[in-house]
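The primary structure of each chain is shown beneath.
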There are 2 protein chains.
Amino acid sequence: MTTSLHHRAIENLGTRIVSGNLPAGHVMLAEQLEVELKVSRSVIREAVRVLQSLGLVETTKRVGIRVLPPSRWNPFDPQVIRWRLASDARGAQLRSLAELRAAVEPAAAELAAQNAPAPLRLELVDVAYAMRDAGHNGEVPRFLELDIQFHSLLLSGSGNEMFANLMGQVAETLTGRTVHGLMPDHPHEAALQWHVDVAEAISRGDSAAARDASDRIMRRTMSQMSDTWTEQPRVFIPVRH
Amino acid sequence: MTTSLHHRAIENLGTRIVSGNLPAGHVMLAEQLEVELKVSRSVIREAVRVLQSLGLVETTKRVGIRVLPPSRWNPFDPQVIRWRLASDARGAQLRSLAELRAAVEPAAAELAAQNAPAPLRLELVDVAYAMRDAGHNGEVPRFLELDIQFHSLLLSGSGNEMFANLMGQVAETLTGRTVHGLMPDHPHEAALQWHVDVAEAISRGDSAAARDASDRIMRRTMSQMSDTWTEQPRVFIPVRH
DNA sequence: TGACACCGATGTGTGCAGACATCAAAACTC
DNA sequence: GAGTTTTGATGTCTGCACACATCGGTGTCA
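Calculation notes
Along each chain, residues carry numbers from 1 onward, in the same order as the chain's sequence is written. Each chain is given a letter, starting from A, and each ligand a number, starting from 1, according to the order in which they appear as written. Local features in this predicted model are restricted to residues of pLDDT 70 or higher, and side-chain atom pairs are both shown and tallied only at a pLDDT of 80 or more, whereas totals for entire chains, interfaces and linings draw on every residue. Water and hydrogen atoms play no part in the side-chain values, which are based on all heavy atoms of the structure. Residues form patches when they are more than 30% accessible in relative terms and have no salt bridge. Like charges link within 9 Å. Nonpolar side chains (Val, Leu, Ile, Met, Phe, Trp, Tyr) link within 5 Å. Method for areas: the Shrake-Rupley scheme with a 1.4 Å probe, in which residue coverage is limited to the protein chains shown. Counted as salt bridges are all cases of a side-chain nitrogen of Lys or Arg within 4 Å of a carboxyl oxygen of Asp or Glu. Helix numbers and strand numbers start at the N terminus; a helix is a DSSP run of H or I with at least 4 residues, a strand a run of E with at least 2. Burial here depends on accessible area, computed with a 1.4 Å probe over protein chains only, as a share of the maximum for the residue type. Under 20% is buried, over 50% is exposed, and the range in between is partly exposed. A residue counts toward the fit only if its pLDDT is at least 70 in both copies, and the copies are then superposed by least squares on the C-alpha atoms of those residues. Contacts are residue-level and defined by heavy atoms, with any inter-residue pair within 4.5 Å sufficient. Expected span, for any helix, means 1.5 Å times one less than how many residues it has. Being near a molecule or strand, for a residue, comes down to having at least one heavy atom within 4 Å of it. By the criterion applied in these results, polar contacts are pairs of N or O atoms within 3.5 Å in which, for protein atoms, one can donate a hydrogen and the other can accept it, and in which residues neighboring in sequence qualify only through two side-chain atoms. Put simply, buried area is how much 1.4 Å-probe accessible surface two parts lose in total, over both of them, once they are put together.

Draft legend 1. Representation of a nonpolar patch on the surface within the structure. All names here are of chain A. Taken together, the side chains of Val27, Leu29 and Val63 present a nonpolar region at the surface, about 200 Å² in accessible area. Tracing the chain through its elements places valine 27 in strand 1 (residues 27-28). Taking relative accessible area as the criterion, valine 27 reaches 33% and is therefore assigned partly exposed.

What follows is the structure, given as structure tokens:
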């Protein structure tokens, strides 16, 4: 047994729901899931409880287990994000993540310039220069590794645990080339200098400069990636009064 | 019975863990929880499964149910947020949410100016003017209601489901006076005009102007509330390479 | 004698099967 | 149509078997 049964049940149902294979409104019965997944009732129940807490299903007596529409899902949950990245909505998920990152990183840079502990500032500067060297020397794998480290440091340096988790929880689960959807895979000359600018500004506590440089990086990244998720349909979640 | 047993168990354990009452590293036994909460094994097991998916605990055979440190918690989960708001870390949680909102809303305004459907733009303008009227007339409850509606519309108008969820999941849980921590309770004259500016800019598709006006609102809001969470200790989550 | 590898006892989560309780949708009665 | 009964699904409880990580004892070898 590689993973626990209930974990496999969660994966099975989660992927099917997020992919649209099990459409919103679809009703399942616990007993039916038992025979379909060939597991006992307790496994099904524990899996359903987790999916319920993610907003993927709801249970009603006398009805069964009903699949909820995407507007009810928790779009910040790492599992939901992973399932969406493996589905047809992959492009839309990458765009959402990129937009969130583009919004947050400049703010994180501003906060880091005000609050980050001294050792983190020093490490940030070191990594920025190492990035620049790696970029100039064409060491692509090393550059990618440093890039992730740089942005992780930046976000955690903000002292905001939600910012820190953006890279920490999300991009961490996206190993390897998946991150390429969020970051450019080969460095741009100006961007290399902008990373150094961000680090230096944070190092000297210049929050405005840190924000501006970070914003430049993000805007370039976005324009560089925008053609990747070509014309993914945007979904507008209605606001309930 | 108002709520289900497993839900009560989740609430009980969740609040105790997030409040620090059950410190990280503390190990519990399922059997012990049964007698303590006076519920059966299945209830405990389902509750533990949900807490596990939130990153609050981990289970190990031969050891028990171990409480995880805050760095492992999912800071975006609505339940975790609610539990933190009810704990000593309430100030830090409010600050984190406010910083996230301040980072996201200008970006959402920019996107809404580019992508929002026409009816939403019109509604946004209507709400902005209604807000201004309510503010001028000193109708505080109505103003607060319109304020929430305005920002909900703005975020969902971005077409980014993560942005849309910020108000939907977060501010929804902050009912009544809790909102006072996130929003000023009486309107400022300039801010009223800025809301109109945001709506008008989005209406005519001027993304830069929408972003600028929204940024002004956020900066004013942040400076207005920064003294509320006086000197909450910032927690820097270490980045693991 | 001491260090170390092995191995079985123990305790705990994991998974299973069956029973009864509860409650809301649906059918029924008036 | 309103109120009542029936029904069928989840909710809860319990006893059991199994998997497996940890601990401690035992044996071997230096």
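Draft legend 2. Looking closely at the relation of the copies chain A and chain B. Mapping chain A onto chain B leaves a residual RMSD of 0.1 Å; the transformation is a rotation of 180° accompanied by 0.1 Å of translation along its axis. In the structure described here, the two chain copies are related by an operation that fits a two-fold rotation axis. Interface overlap between copies is the fraction of interface residues in one copy that are interface residues in the other; for chain A against chain B it reaches 98%, indicating a shared surface.

Draft legend 3. How the structure looks around unusual backbone geometry. In this model, lysine 38 of chain A sits at a positive phi of 55°, which is unusual for a non-glycine residue. As for its position among the elements, lysine 38 of chain A is in the loop between helix 2 (30-37) and helix 3 (41-53).

Draft legend 4. Local environment of helix 1 (residues 5-18) of chain B. Taking 1.5 Å per residue, 14 residues should reach 20 Å; helix 1 of chain B reaches 20 Å between its end C-alpha atoms and fits that length. One or two residues past the end of helix 1 of chain B sits glycine 20 of chain B, with phi positive at roughly 90°.

Draft legend 5. Looking closely at the side chain of glutamine 79 of chain A. With respect to the helices and strands, the residue glutamine 79 of chain A is situated in helix 4 (residues 78-85). In contact with glutamine 79 of chain A, other than residues within four places in its own chain, are Ile10, Glu11, Val50 and Leu54 of chain A together with Ser53 of chain B.

Draft legend 6. Highlighting the protein's contact with DNA strand C. Looking at DNA strand C, there are 21 residues lining it, with Leu5 and Ser40 of chain A together with Arg45, Arg49 and Arg62 of chain B nearest. The sugar and phosphate moieties of DNA strand C supply 75% of its atoms located within 4 Å of the protein. One nitrogen or oxygen atom from the main chain of serine 40 of chain A is found 2.8 Å from a phosphate oxygen belonging to DNA strand C. Measuring from a phosphate oxygen of DNA strand C, one finds a side-chain N or O atom of arginine 49 of chain B at 2.8 Å. Those elements that provide at least two residues to the surface near DNA strand C are helix 1 (5-18) and helix 3 of chain A together with helix 3 (41-53) and strand 2 (57-60) of chain B.

Draft legend 7. Here's a closer look at the interface of chain A and chain B. If you look at the interface, chain A gives 58 residues, while chain B gives 59 residues. Carbon and sulfur atoms supply 57% of the area that chain A and chain B bury against each other, a total of about 4,900 Å² over both sides. Contact with chain B buries surface across chain A, with Phe76, Glu161 and Met162 of chain A losing the most and accounting together for 15% of the total. Run the count over chain A and chain B and you get eight salt bridges.

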